[in-house]
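For reference, the chains in residue letters:
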Amino acid sequence: MEKIELLQGDITQLKVDAIVNAANKSLLGGGGVDGAIHRAAGQELLEETRSLNGCRTGEAKITGGYQLPAKYVIHTVGPVWKGGNKKEAELLANAYSNSLRVASRHGLQTLAFPNISTGVYGFPKEKAADIAISTVLDFFKRHSNIQKVWFVCFDQENYGIYEKKLREHGA
Ligand code: ADP
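The rules behind each value
- Residues numbered from 1 in each chain as written.
- Predicted model: local features only at pLDDT ≥ 70, side-chain atom pairs only at ≥ 80, totals over all residues.
- Heavy atoms only, no water.
- Helix = DSSP H or I, 4+ residues; strand = E, 2+ residues; numbered from the N terminus.
- Rg over C-alpha atoms; globule rule 2.2 N^0.38 Å.
- Buried < 20%, exposed > 50% of the residue type's maximum accessible area, 1.4 Å probe, protein only.
- Contact = heavy atoms within 4.5 Å.
- Areas by Shrake-Rupley, 256 points an atom, 1.4 Å probe, with all protein chains shown as cover.
- Lys, Arg positive; Asp, Glu negative; His and termini not counted.
- Charge placed at Lys NZ, Arg CZ, Asp CG, Glu CD.
- Pairing = 2+ DSSP bridges.
- Axes fitted to C-alpha atoms, helices over the stretch in contact; angles between N-to-C directions.
- Parallel < 35°, antiparallel > 145°, perpendicular 65-115°, else oblique.
- Left-handed = near helix turned anticlockwise from the far one by under 90°.
- Nonpolar A, V, L, I, M, F, W, Y, C, P; charged D, E, K, R; others polar.

1. Let's talk about the overall build of the chain
Counting secondary structure elements, the chain contains 5 helices and 6 strands. The linear arrangement of helices and strands in the chain, starting from the amino end, is β-β-α-α-β-β-α-β-α-β-α. The C-alpha atoms of the chain give a radius of gyration of 15 Å, which matches the 16 Å a tight globule of 171 residues would have. Structurally, the chain occupies a C-alpha span of about 40 × 40 × 30 Å along its principal axes. Taking all 171 residues of the chain together, 47% fall into the buried category. In the chain, 69% of the contacts between residues at least 6 apart in sequence involve partners at least 24 apart. If you sum the accessible surface of the chain, you get close to 8,200 Å²; carbon and sulfur atoms cover 48% of it. Taking the 21 positively charged and 18 negatively charged side chains of the chain as two groups, their mean positions are separated by 5 Å.

Listed below in structure tokens is the structure:
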């Protein structure tokens, strides 16, 4: 069974165990996918994230999904792209691996990621896709309880990049 699936669309509509939010450090909502998730989940999500005291770049925290079809939201903070010499690649890999770890620790089986950091945070899309795919594949080698990961691309450009990169990675 394929463990990685590619999808173009709105991550808030997915009925999976958890969707991952590309949040900012405050965890109080924002634009892009973060705003969409908060709008779709409703006010209770904000009430829960307020109690979490924010999140460091590369780390991940879990909340309920409230009005979303997904049971949980895993909030992670990707790095802002600053040219490539500020540990951006490592921090993006951490955002993916820590989200997977949190999901695994909670016994979750299905998980959907947006293209973390490739919107307002400006991370180059090709490089970000490589990191996302290799981090997930690496995680699959060592852990078994996660059954399926969806990469959800909102824009056509990312979708095309993921199609190509997944092929290259043999995934
Ligand atoms: P970041 O600040 O991490 O760059 P953004 O939300 O600006 O976060 O962008 C991250 C990615 O999420 C972008 O590729 C953007 O196109 C995508 N995105 C925006 N809205 C949605 C949505 N509703 N579902 C899935 N992906 C989305």
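On we go.
2. What to know about the sheet that holds strand S6 (residues 148–153)
Across a sheet, strands are paired by hydrogen bonds formed along the backbone, either parallel or antiparallel in direction. The strand order across the open sheet formed by 6 strands is S1-S6-S5-S2-S4-S3, and the pairing between neighbours is mixed. Of all the strands in the sheet, the pair left with one neighbour each is strand S1 (4–8) and strand S3 (60–64). Neighbour to neighbour, the strand axes of the sheet diverge by 25° on average, direction disregarded. The pairing of S3 with strand S4 (residues 72–77) spans 5 bridges and is antiparallel. The residue bridging Gly64 from the neighbouring strand is Tyr72, located in S4. Against the sheet, helix H1 (residues 32–41) makes contact with strand S2 (18–23) and S4, and its axis sits at roughly 130° relative to S2, the strand it touches most. In the packing of helix H2 (residues 43–50) onto the sheet, contacts are made with S3 and S4, and the angle to S3 comes to roughly 140°.

3. Side note on the packing of helix H4 (residues 125–142) against helix H5 (residues 156–168)
Running from N to C, H4 and H5 cross one another at 50°; their axes reach a closest spacing of 10 Å. It follows that H4 is oblique to H5 by the angle criterion. When the axes of H4 and H5 are compared, the crossing they make is right-handed. Contacts between H4 and H5 involve Lys125, Glu126, Ala128, Ala129, Asp130, Ala132 and Ile133 on the former and, on the latter, Glu157, Asn158, Ile161, Tyr162, Lys164, Lys165 and Leu166. Per-class residue counts for the contact of H4 with H5 are 7 nonpolar, 1 polar and 6 charged.

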